[in-house]
Amino acid sequence: MNSIQFPLLDRTTQNSVISTTLNDLSNWSRLSSLWPLLYGTSCCFIEFASLIGSRFDFDRYGLVPRSSPRQADLILTAGTVTMKMAPSLVRLYEQMPEPKYVIAMGACTITGGMFSTDSYSTVRGVDKLIPVDVYLPGCPPKPEAVIDAITKLRKKISRELYEDRIRSQRANRCFTTNHKFHVQHSIHTGNYDQRVLYQPPSTSEIPTEIFFKYKNSVSSPELVN
Amino acid sequence: MIIDTTEIETINSFSKLESLKEVYGIIWMLFPILTLVLGITIGVLVIVWLEREISAGIQQRIGPEYAGPLGILQALADGTKLLLKENLIPSTGDTRLFSIGPSIAVISIFLSYSVIPFGDHLVLADLSIGVFFWIAISSIAPVGLLMSGYGSNNKYSFLGGLRAAAQSISYEIPLALCVLSISLRVIRLSNSLSTVDIVEAQSKYGFWGWNLWRQPIGFIVFLISSLAECERLPFDLPEAEEELVAGYQTEYSGIKFGLFYIASYLNLLVSSLFVTVLYLGGWNLSIPYIFVPELFGINKRGKVFGTLIGIFITLAKTYLFLFIPIATRWTLPRLRMDQLLNLGWKFLLPISLGNLLLTTSSQLLSL
């Protein structure tokens, strides 16, 4: 390792009792306790879940699955991320505290995978939403491949500089938004919220017969299919 | 002239010595406390490592492997990482309650270590109300949990905090009744409730003199309710991760979460130490007819060796006992909330009351 690449923090003073730097210590502690978020959107999670079990045991690397994003360091996007899931994935990522890492697991989260050609709902690659550290290809990747990705991430963390990390990731922190749920005392009033409902040009004046006719005409091609 | 100056110097040095003595006095007051805190912290790191390795063994896994030899440094790595991690505070929560909560939980547990005797009269504060100090102090911790659950402004946190409070309150009563039925005998023998006297009362007859044989029902009730107090797995409803994301810890990140993590293991260690003190004969070697001083000829060599042996025996009993809660965690499934409260109020409370009745009636016969 040359000293141009690792300027100040990585240099150890030679005549010191302590043979490491603070930077190395923090990197070591981070890489040896990477707690992943228990997050799975589809079949990749089955492969990921087998890592919790005894055969592929990722506790060897100090990985303890956490349910709360506040305590997680790592998110493996295990499975297809749809447009509907995308906001909650971003929100989960935003909720994780700062030294945080992302492994894009599986073809779906790298490019959209087999849904990349003609799907109307798949996000083409999770790196359009959140910054990805390690891309892990496969459909789904084998547990050994996940371990390989974790080792690669550990290698990446071990080369990190603390200052860079702070500079690059302090921006774009968002507060989570409040729920938009309103408490309404009685639902069955018959008066529906006119803003929410889709209104055809003259809804309230249509008699029921015409409505049923309209509905039949809409649903008939489905019956044929 | 020369003599005069030396006299003045000696007088000056004496006055300096006085001030130095005060400083030394303060240092000597702080020294045992700091030693105890350091020892406890190391003990907690050992428990975390033990738990991860034993759980790995039970589930036929390997467990932490790469952080230090045999993963010994795993707990240290976790702690350092949590210390260096970003500290998030919920924007709409109550910031003061959110920050005070975990420290109250940890401090109240730390305080209860001050009445634990580790060796022959090696105790930080030999209070005459010993065990009841522990019971009084340990009921402060749920207040901290409740505060953190409320201050997080999160429904899961709030539910978790409420569950923690309900659980600790309902299991504290059988716990206190068990301790009461033990202390009845100690009151009769030595007229105090000090933990040292509790251990001394069990010192005869080796391990046949343990309170475990006098109070088998009390021991089981104490074991169950201390598991519930520690929120260990058959009773870990406050942080049940399938229902409440992580209970009252949900919004905590960084070192504040680390405080909760430490607090749970501190609680485990302290209740295990209290099992050793109350039921397993404390620092005594507990093999009948063999006495430590005669075995090693310590009486002439000084007390240091004997004290070390006492500490070793206490810790050995404690950590051997710790195997039971750890194995329980990976064996038994979690209870439901109603089952938990039924067990506490309808089963453990009557049984511990009955145990108290038995004990008092046997005290009448002065057994």
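Here is what the cut-offs are and how they apply
Positions within a chain are numbered from 1, following the residues in the order the chain's sequence is written. Chains carry letters from A onward and ligands carry numbers from 1 onward, assigned in written order. For this predicted model, a pLDDT threshold of at least 70 governs which residues receive local features, and a threshold of 80 or more governs which side-chain atom pairs are given and counted, while totals over whole chains, interfaces and linings are taken from all residues. Side-chain metrics rest on all non-hydrogen atoms present in the structure, leaving aside hydrogens and water. UniProt positions are given in the numbering used here, feature names are shortened, and annotations may be inferred rather than shown by experiment. Every helix listed is a DSSP run of H or I at least four residues long, and every strand listed is a run of E at least two residues long, numbered separately from the N terminus. We call a residue buried when its accessible area falls under 20% of the maximum for its residue type, exposed when it is over 50%, and partly exposed in between, using a 1.4 Å probe and counting protein chains only. Contacts between residues were defined by any pair of non-hydrogen atoms, one from each residue, lying within 4.5 Å. Residue burial considers only the protein chains on display, and all accessible areas are found by Shrake-Rupley using a 1.4 Å probe. In this tally, Lys and Arg are treated as positive and Asp and Glu as negative; His is ignored, and so are the chain termini. Lysine's charge is taken at NZ, arginine's at CZ, aspartate's at CG and glutamate's at CD. Here a Phe, Tyr or Trp ring, Trp counted by its six-membered ring, pairs with any other such ring whose centre lies within 6.5 Å, and the pair is stacked when the planes are under 30 degrees apart, edge-to-face when over 60, and tilted otherwise. We define buried area as the total accessible area lost by two parts upon association, computed with a 1.4 Å probe and summed across both. Criterion for a salt bridge: a side-chain nitrogen of Lys or Arg within 4 Å of a carboxyl oxygen of Asp or Glu. Throughout this description, a polar contact denotes any pair of N or O atoms lying within 3.5 Å of each other; where both atoms belong to protein, one of them has to be capable of donating a hydrogen while the other can accept it, and for residues adjacent in sequence the pair is counted only when both atoms sit in side chains. Whenever a helix is involved, its axis is fitted only over the stretch in contact; in every case the axis is a line through C-alpha atoms, and angles between N-to-C directions fall within 0 to 180 degrees. Angle categories: roughly parallel below 35 degrees, roughly antiparallel above 145, roughly perpendicular from 65 to 115, and oblique for all the rest. In this count, Pro and Cys sit with the nonpolar residues alongside Ala, Val, Leu, Ile, Met, Phe, Trp and Tyr, while Asp, Glu, Lys and Arg are called charged and the others, Gly among them, polar. With a 1 Å grid spanning the protein atoms alone, the term cavity applies to any set of points in which a 1.4 Å probe fits but cannot get out, the term pocket to an open set with protein on both sides within 12 Å along at least five of seven lines, and the term lining residue to any residue with an atom within 4 Å of a point. Grid points are joined across faces, edges and corners, and a volume is the space filled by probe spheres set on the points. By the convention used here, strands pair only if DSSP detects at least 2 bridges between them. pLDDT is a residue-level measure of predictor confidence that goes from 0 to 100. By convention the crossing between two helices is left-handed if the near helix lies anticlockwise of the far one by an angle smaller than a right angle, and right-handed if it lies clockwise.

Under the annotation held in UniProt, chain B carries the name NAD(P)H-quinone oxidoreductase subunit 1, chloroplastic and is attributed to Nicotiana tabacum. The record held by UniProt for chain B lists under Sequence similarities the comment "Belongs to the complex I subunit 1 family."

Looking up chain A in UniProt gives the name NAD(P)H-quinone oxidoreductase subunit K, chloroplastic, with the organism given as Nicotiana sylvestris. We quote the UniProt Subcellular location comment for chain A here in full: "Plastid, Chloroplast thylakoid membrane".

Caption draft 1: Spatial organisation of the overall build of chain B. Helix and strand content of chain B: 14 helices and zero strands. Taking the principal axes of the C-alpha coordinates as reference, chain B spans close to 85 × 60 × 40 Å. When burial is assessed residue by residue, chain B has 49% of its 367 residues classed as buried. Taking all contacts inside chain B whose residues are at least 6 apart in sequence as the whole, residues at least 24 apart take part in 80%. With the model as given, the accessible surface of chain B reaches about 18200 Å², and the carbon-plus-sulfur share is 71%. Positive and negative side-chain charges in chain B, numbering 23 and 26 respectively, have mean positions lying 7 Å apart.

Caption draft 2: Expanded view of the UniProt feature "transmembrane region" in chain B. Residue and element names in this part refer to chain B. Under the feature "transmembrane region", the UniProt entry names residues 30-50, 98-118, 127-147, 164-184, 273-293, 304-324 and 340-360. As a span, residues 30-50 carries 100% helix and 0% strand, and end to end its C-alpha atoms are 30 Å apart. For the annotated span residues 304-324, helix accounts for 100% and strand for 0% of the residues, and the straight-line distance between the end C-alpha atoms is 31 Å.

Caption draft 3: Layout of the packing of aromatic side chains. On inspection of all chains with the given rule, the structure shows 19 aromatic pairs over all chains. A centroid spacing of 6.2 Å and a plane angle of 50° characterise the contact between A:Trp35 and B:Tyr261, whose relative ring orientation is tilted. Pair noted here: A:Trp35 is in the loop between helix H1 (22-32) and helix H2 (44-49) and B:Tyr261 is in helix H10 (residues 254-279), and the two residues belong to different chains. Seen from their ring centres, B:Tyr171 and B:Phe235 are 5.6 Å apart, and the 50° between their planes marks the pair as tilted. One end of the pair, B:Tyr171, is in helix H6 (residues 155-190); the other, B:Phe235, is in the loop between helix H9 (216-229) and H10, and 64 residues separate them in sequence. Residue B:Tyr171 is classed as buried on the basis of its relative accessible area, which comes to 0%. Look at B:Phe235 and you get buried, because its relative accessible area is 4%.

Caption draft 4: Geometry of the interface of chain A and chain B. At the interface, 34 residues of chain A touch 31 residues of chain B. Both sides together, the interface formed by chain A and chain B hides about 2800 Å², and carbon and sulfur atoms give 55% of it. Where chain A meets chain B, there are seven salt bridges. In this structure, B:Glu251 and A:Arg70 form a salt bridge, with 2.9 Å as the shortest nitrogen-oxygen distance. Linking chain A with chain B are 16 residue pairs in polar contact (both at pLDDT 80 or more). With six residues, the top contributor of residues to the side of chain A that touches chain B is H1(A).

Caption draft 5: Focus on the packing of helix H4 (residues 130-138) of chain B against H6(B). Residue and element names in this part refer to chain B. Relative to each other, H4 and H6 sit at 175°, their axes nearing to 10 Å. Relative to H6, the element H4 is oriented roughly antiparallel. Residues Val131, Phe132, Trp134, Ile135 and Ser138 of H4 lie in contact with H6, whose contacting residues are Glu172, Leu175, Ala176, Val179, Leu180 and Ser183. When the residues that make up the contact of H4 with H6 are grouped by side-chain class, the tally is eight nonpolar, two polar and one charged.

Caption draft 6: Region of interest: empty space enclosed by the protein. Residues and elements named next belong to chain B. Counting across every chain of the model gives three cavities of 30 Å³ or more. Every residue lining the largest cavity is counted, 16 residues in all, and those nearest its centre are Ile109, Leu145, Glu229, Glu231 and Asn267. In terms of residue count, H10 provides more of the lining of the largest cavity than any other element does, four residues in total. Residue composition of the lining of the largest cavity, grouped by class: nine nonpolar, five polar and two charged.

Caption draft 7: Local environment of the sheet that holds strand E2 (residues 101-105) of chain A. All names here are of chain A. Reading across from one edge, E1-E2-E3 is the order of the three strands in this open sheet, with parallel pairing throughout. Sheet topology places strand E1 (74-78) and strand E3 (134-136) at the edges, where each strand pairs with a single neighbour. Sheet twist, expressed as the average angle between the axes of neighbouring strands with direction ignored, equals 20°. In the sheet, E1 pairs with E2 via five bridges, with the strands oriented parallel. Its bridge partner lying in E2, Ala78 is registered against Met105.

Caption draft 8: The arrangement of the confidence of the model for chain A in detail. Summing up the model confidence of chain A, the mean pLDDT is 75 and the portion of residues at 70 or higher is 63%. Low pLDDT, under 50, characterises residues 217-225 of chain A; the predicted model gives this stretch zero contacts beyond four residues in sequence or across chains.

Caption draft 9: Main features of the environment of B:Leu332. Residues and elements named next belong to chain B. With respect to the helices, strands and loops of the structure, Leu332 is situated in the loop between helix H13 (303-329) and helix H14 (337-364). Expressed as a C-alpha distance, the spacing of Leu332 and Ser352, which sit 20 residues apart in the sequence, is 23 Å. Among all residues touching Leu332, those that are not within four sequence positions of it are Leu233 and Pro234.

Caption draft 10: Broad picture of the UniProt feature "binding site: [4Fe-4S] cluster" in chain A. Residues and elements named next belong to chain A. UniProt tags Cys43, Cys44, Cys108 and Cys139 as "binding site: [4Fe-4S] cluster". In three dimensions, the annotated residues from a span of 97 residues occupy one location, with a maximal C-alpha spread of 10.4 Å. With respect to the helices and strands, the residue Cys44 is situated in helix H2. If sequence neighbours within four positions are ignored, Cys44 has contacts with Ala78, Gly79, Met105, Gly106, Pro140 and Pro141. Tracing the chain through its elements places Cys108 in helix H4 (residues 107-110). Residue Cys108 is classed as buried on the basis of its relative accessible area, which comes to 10%. Residues contacting Cys108, with those up to four places away along its chain left out, are Thr80, Gly113, Phe115, Val123 and Gly125.

Caption draft 11: Expanded view of the packing of helix H3 (residues 95-111) of chain B against H10(B). Residue and element names in this part refer to chain B. Packing of H3 against H10 leaves a shortest axis separation of 9 Å and a crossing angle of 20°. Between H3 and H10, the angle is such that the two are roughly parallel. As H3 packs across H10, the resulting crossing turns out to be left-handed. On H10, the residues that touch Phe98, Ser99, Pro102, Ser103, Ala105, Val106, Ile109 and Phe110 of H3 are Lys256, Leu259, Phe260, Ala263, Leu266, Asn267 and Val270. Looking at the contact of H3 with H10, its residues break down into eleven nonpolar, three polar and one charged.

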